[in-house]
Structure formats: C-alpha cells, structure tokens
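The lines below spell out each chain.
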Amino acid sequence: MIDNNKSIEELENDYWGEPTFNSYVITTCHKARQKPLKLLSNEEIRCLIGQKIGLKFLLPITIDILKNTPFIDVTYFEGDLLLTVLRLDIEDWNQNPNELNHFMVILQSNCLQIEMCSEIPNELIEKYI
C-alpha cells in the first residue's frame with residue numbers, strides 16, 4: 001500500500017533539489033515531487049504522468065480519478081488526463097499491471113465517447129484495445 005502522506009521524493013528516496021531551468025513543466029514537476037501524494041492537484045498529476053515521473057505511485061491515483069470521471073477536464077479540455085495516460089507506452093505500466101487492467105476496462109466502457117473526442121487520436125486508443 002502506498003503512503004499518500006509521502007511525496008514522490010520520499011517514496012523514491014530521490015531528491016532533485018531546485019530546478020535548473022525555468023519552464024512551467026520543469027518547475028511544476030519539481031514542486032509536485034515534493035508534495036504529499038494526497039495533496040497533488042489533478043494538473044500536477046497530469047504533468048508528472050506526462051513526464052513519466054512517479055508512475056508507480058501516480059497511476060493508482062489516476063485510475064481512481066478516471067474511473068469516476070473518464071473525461072475530466074484538468075487543464076486544457078475534457079479528456080486531457082485520459083489523453084496523457086493514453087500516451088504512455090505499455091512498458092510504462094510494468095510496475096502497475098492491475099492499474100493497466102482497470103485502465104483497459106475504462107477504455108472499453110467508454111470506447112465510443114473516446115472515439116468521438118477529436119482531441120484524442122484513434123491510434124492511441126488502438127494500441128491499448
């Protein structure tokens with residue numbers, strides 16, 4: 001069981017320090033890695049997953065979010081968190097096979113709506129289904 005009171009830094013025992021480049025993604029990821037998992041915003045989760053940071057800890061949280069709201073509008077459009085997860089490679093799920101199975105169920109249950117979402121390319125869906 002993952003301790004949601006701990007940060008990714010604590011869970012990985014890997015402390016990055018201050019960012020060396022000033023960009024939204026880098027500063028957001030650096031700050032988010034220092035926060036307890038339970039305090040991460042959906043945008044921080046989306047950003048971290050997009051950079052493949054802390055997947056072992058974030059995919060269970062993300063699957064719970066997507067189970068309840070598959071087309072959640074985190075920052076840009078309805079389904080942007082789903083799109084970020086769809087962009088992961090199958091290898092990125094190696095430490096979370098149960099979450100991959102749950103993700104597949106989410107995709108299958110919402111396949112028609114996902115296909116109708118113009119922001120989500122069909123080839124991303126096809127690699128999972």
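Parameters at a glance
- Residues numbered from 1 in each chain as written.
- Predicted model: local features only at pLDDT ≥ 70, side-chain atom pairs only at ≥ 80, totals over all residues.
- Heavy atoms only, no water.
- Helix = DSSP H or I, 4+ residues; strand = E, 2+ residues; numbered from the N terminus.
- Expected span 1.5 Å × (residues − 1).
- Buried < 20%, exposed > 50% of the residue type's maximum accessible area, 1.4 Å probe, protein only.
- Contact = heavy atoms within 4.5 Å.
- Core = buried A, V, L, I, M, F, W, Y, C linked by side-chain atoms within 4.5 Å.
- Phe/Tyr/Trp six-rings, centres within 6.5 Å; stacked < 30°, edge-to-face > 60°.
- Lys NZ or Arg CZ within 6 Å of the ring centre and 35° of its normal.
- Polar contact = N/O pair within 3.5 Å; in protein donor to acceptor, adjacent residues only side chain to side chain.
- Patch = residues over 30% accessible without salt bridge, like charges linked within 9 Å, V, L, I, M, F, W, Y side chains within 5 Å.
- Areas by Shrake-Rupley, 256 points an atom, 1.4 Å probe, with all protein chains shown as cover.
- Salt bridge = Lys/Arg side-chain N within 4 Å of Asp/Glu carboxyl O.
- pLDDT = per-residue confidence, 0-100.
- Disulfide = S-S within 2.5 Å.

> Residue-level account of helix α4 (residues 55–68), with values.
Within an α-helix, residues lying three or four positions from one another point in the same direction, as the helix has 3.6 residues per turn. Helix length check: α4 (14 residues) gives 19 Å between terminal C-alpha atoms against 20 Å at 1.5 Å per residue, within 8%. Here α4 has its buried residues at Leu55, Phe57, Leu58, Leu59, Pro60, Ile61, Thr62, Ile63, Ile65 and Leu66. Its buried side turned inward, α4 meets α1 (8–12), α3 (42–50), α5 (80–86) and α6 (97–109).

> Explain the nonpolar core residue by residue, including any values.
Ranked by size, the top nonpolar core spans 39 residues in total, and within it Leu58, Leu82, Leu86, Trp93 and Phe103 carry the most contacts. Taken together, the elements giving at least two residues each to this core come down to α2 (24–33), α3, α4, α5, α6 and α8 (122–126). Setting aside residues no more than four positions away along its own chain, Leu58 makes contact with Ile8, Leu37, Leu40, Ile45, Leu48, Ile49 and Ile53.

> Please provide a residue-by-residue account of the packing of aromatic side chains, values included.
The final tally for this structure, using the stated rule, is three aromatic pairs. Ring geometry for Trp93 versus Phe103: centroids 5.3 Å apart, planes at 20°, classification stacked. One end of the pair, Trp93, is in the loop between α5 and α6; the other, Phe103, is in helix α6, and ten residues separate them in sequence. Of the two residues examined, Trp93 and Phe103, each falls in the buried class. Through a chain of ring-to-ring contacts, three or more aromatic side chains come together here, namely Trp93, Phe103 and Tyr128. Lying over the aromatic face of Trp16, Arg33 brings its terminal NZ or CZ to 3.8 Å of the ring centre.

> Talk me through the side chain of His30; I want residue IDs and the actual numbers.
Within the secondary structure, His30 sits in helix α2. Among the residues examined, His30 registers a relative accessible area of 13% and is labelled buried. Reaching out from His30, the side chain makes a polar contact with the backbone oxygen of Gly17 at a distance of 3.1 Å. If sequence neighbours within four positions are ignored, His30 has contacts with Trp16, Gly17, Glu18 and Pro19.

> Could you give me a rundown of a nonpolar patch on the surface, with the residues and numbers involved?
Residues Tyr24, Val25 and Tyr76 make up a contiguous nonpolar surface patch of roughly 320 Å² in combined accessible area. Of the residues examined, Tyr76 reaches a relative accessible area of 57% and is grouped as exposed.

> Could you give an account of the confidence of the model for the chain, naming the residues involved and the relevant values?
Atom-level detail of predicted coordinates should not be read off regions where pLDDT is low. Summing up the model confidence of the chain, the mean pLDDT is 94 and the portion of residues at 70 or higher is 100%. Confidence scores differ between elements of the chain, with α8 showing the lowest mean pLDDT of 88 and α3 the highest of 98.

> I'd like to hear about the state of the cysteines, residue by residue, with values.
Considering all chains together, one arrives at zero disulfides under this definition. Free of any disulfide, Cys47 has its nearest neighbouring cysteine sulfur in Cys29, separated by 3.7 Å. We note that Cys111 lacks a disulfide partner, and the nearest cysteine sulfur, in Cys117, lies 12 Å from it.

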